[in-house]
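Tertiary structure, described
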Amino acid sequence: MTPQVLTAGIDVGTTHVKVGCFDERGRCVAAVRRATPRDLPALVAAVTQGLEECTERAGRAPQAIGIAGMAETGVPLDAAGQPLTPLLWWNDPRGAAELAELGLDPKMLYARTGRWPDAKAPLAKWLSLRRHAPQVLRAMRWWASVPDAVAYALTGQLRTHATLAARTLGYSVEHADYDAELLALAGLSRERMPAVHAAVEPVGGVVARVRGVPPGTPVVVAGHDHAVGAWAAGVRRPGDVADSLGTAEAILAPSAERPDPGAGLALGVTADPSLDGARTVLVGGLATSGAVVDWLLGLLAPVAAEASGYAALPRLLADVRLPTGIVVEPYLRGRAAPAPDRERRMTWAGIGAEHGVGDLLAAAVEGTCLHTRWILDELTALTGTAPERVAVFGGQVRIPLWMRVKAAVSPVPVEVIRADDAVCAGAALVAGQVGGSLDDVPVLPREHLPPDPELQAAYLPLYDQFRTRSSQRQEHA
């Protein structure tokens, strides 16, 4: 019997690094998860150990390795490829003042880059280095996002993907190339950025010593985590929509055209390149989706005498009746899309003496689902393409109540991607097509999630109430 093809996927996230070995259909053979280190040598060690452990458990070597991950976090490398600083994180506010001082016209910037001035972008970090640590910027031979840096450690070659380069604020989605004028604002040039390659084009072969992985095993930088997960979920053309769940949540809608800059800015959605570069993908995010539940669990679990974290959810949610009747605006740290407001904060309405801890947690879940429905409606209006389905993936798909609410609130059919980690599996599936075509990447197994008609009817007035409340101006202290 011929052994199944095995490929490895790596997903470098804000909280965890996931490494796994998958078969040709994206089914997990072995996987490990570790906390994401704060510096590059420790990150490379975590990835290497993860590859070794997965290969040993799988009993054979992967034929290719795909790497995905967060985009804006990265590190400056010197001429020898060594890091000059710890990882510079997307949620590090340094560079905000320097970026603001440039006075960049938001519409001009959006037209060129598909995004607005934002301190999480690497351009802000480069501006900060130029002012506060000029010796680092002078010594920087290359900038590398974390997927690029991991690939470099494995192969000795530095490459990136357009979905990662586009989030630097120094890359023109209009011309599919680095923007010399924007890079020059930080004293940089194209030569100090990694070359942009297609997702299925190998960066190189493995040269690092990784037990169980033969030298020469091809490595690809598959792309930005949301983009890779969406592609593996089958979201590849207008009419398909991806809902990527996690600490933050993102709605991704492929579009035939880039939006008008004024309209895109008004909605707070980015215009990213698709994984294959054939079209634009509009992305609207909720920064505090899973984070809202994490925050509530931290507050309520001691009161409820429950286990901490998500282990507490099954019992706390077991007796909740939906809908809760509580309307939550889930904005712990401001709102990006579809009505940008950095100062917006969480509000609750409708709490009564009949509500308990589980109701509050469920109401927070409802709030995130109502909000992402709002994003979807606005993206639909912007693209002019009615969605046909929503593919949902991420950690929350394992929470039945969350999926019940998601299906009931959605205006179109919901498909749940059944994968241990859709991004990690997607990176492995992309690697399986190395040298070939992204069109041949298999779609991960999915399950149609039929809505409860009674719940659908019950959520309609709550959605209207949510939109009305969220659209109103909020007074800030």
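Residues numbered from 1 in each chain as written. Predicted model: local features only at pLDDT ≥ 70, side-chain atom pairs only at ≥ 80, totals over all residues. Heavy atoms only, no water.

1. Section: the environment of L43
Its place among the elements puts L43 in helix α1 (residues 40-58). For L43, a relative accessible area of 0% translates into the label buried. Considered as a pair, L43 and A363 are 320 residues apart in the sequence and their alpha carbons are 37 Å apart. Those residues in contact with L43 that sit more than four places away from it in its chain are V12, V17, P37, L87, V146 and V150. (Helix = DSSP H or I, 4+ residues; strand = E, 2+ residues; numbered from the N terminus. Buried < 20%, exposed > 50% of the residue type's maximum accessible area, 1.4 Å probe, protein only. Contact = heavy atoms within 4.5 Å.)

2. Some points on the packing of aromatic side chains
Taken as a whole and assessed by the stated rule, the structure comprises 4 aromatic pairs. Taking 5.6 Å as the distance between ring centres and 75° as the angle between the ring planes, the aromatic pair formed by W126 and W143 counts as edge-to-face. With W126 in helix α4 (residues 122-132) and W143 in strand β6 (residues 142-145), this residue pair connects regions lying 17 residues apart in the sequence. Residue W126 shares its accessibility class with W143, and that shared class is buried. Ring centres of W142 and Y152 lie 6.2 Å apart, and the angle between their planes is 50°; on these two criteria the pair is classed as tilted. Here W142 is found in strand β6, whereas its partner Y152 is found in helix α6 (residues 146-155), with 10 residues between them in sequence. Looking at W142, the relative accessible area reads 19%, which means it is buried. When the ring centre of W89 is taken as origin, the NZ or CZ atom of R38, which lies over that ring, is 4.0 Å away. Positioned above the aromatic ring of Y463 is the side chain of R373, whose terminal nitrogen or guanidinium carbon lies 4.4 Å from the ring centre. (Phe/Tyr/Trp six-rings, centres within 6.5 Å; stacked < 30°, edge-to-face > 60°. Lys NZ or Arg CZ within 6 Å of the ring centre and 35° of its normal.)

3. Side note on the packing of helix α13 (residues 357-383) against helix α16 (residues 453-471)
Where α13 contacts α16, the axes come no closer than 10 Å and their chain directions differ by 75°. Looking at the two axes, α13 sits roughly perpendicular to α16. Side by side, α13 and α16 meet where E366, G367, L370, H371, R373, W374, D377 and E378 of the first sit next to Y459, L462, Y463, F466, R467, S470 and S471 of the second. Looking at the contact of α13 with α16 residue by residue, the class counts come to 6 nonpolar, 4 polar and 5 charged. (Axes fitted to C-alpha atoms, helices over the stretch in contact; angles between N-to-C directions. Parallel < 35°, antiparallel > 145°, perpendicular 65-115°, else oblique. Nonpolar A, V, L, I, M, F, W, Y, C, P; charged D, E, K, R; others polar.)

4. Examining the pairing of strand β13 (residues 240-245)
The buried fraction of β13 amounts to 6 of the 6 residues, a majority that puts the element mostly inside the structure. Burial along β13 is two-sided: the residues D240, A242 and S244 and V241, D243 and L245 are all buried. Bridge count for β13 against strand β14 (residues 249-255) is 3 bridges, and the pairing is antiparallel. When the bridges of β14 are listed, A242 appears paired with L252. Hairpin connection between β13 and β14: a loop of 3 residues separates the two successive antiparallel strands. (Pairing = 2+ DSSP bridges.)

5. Observations concerning the sheet that holds β13
Whenever strands of a sheet pair, they do so through backbone hydrogen bonds, lying parallel or antiparallel. Ordered by their spatial adjacency, 7 strands build an open sheet running β15-β16-β14-β13-β19-β20-β21, and the pairing between neighbours is mixed. Edge positions in the sheet fall to β15 (270-273) and β21 (446-449), since each has one partner strand and no second. Neighbour-to-neighbour, the strand axes of the sheet open up by a mean angle of 30°, direction not taken into account. Most of the contacts of helix α9 (residues 225-232) go to β14, to which it runs at about 65°, and overall it touches β13, β14 and β19 (389-394).

6. Some details on the pattern of salt bridges
A full pass over the atoms with the stated rule returns 26 salt bridges. Close ionic contact of D11 with K18 constitutes a salt bridge, the shortest N to O distance being 3.3 Å. Per residue, the accessibility class of D11 equals that of K18, and both read buried. Ionic pairing is found between E388 and R237, a salt bridge with its closest N-O pair at 3.2 Å. Pair noted here: E388 is in the loop between α13 and β19 and R237 is in the loop between α9 and β13, with a separation of 151 residues, a long-range link. One salt-bridge network, in which partners are shared between bridges, spans R237, D240, E388, R389, E415 and R446. (Salt bridge = Lys/Arg side-chain N within 4 Å of Asp/Glu carboxyl O.)

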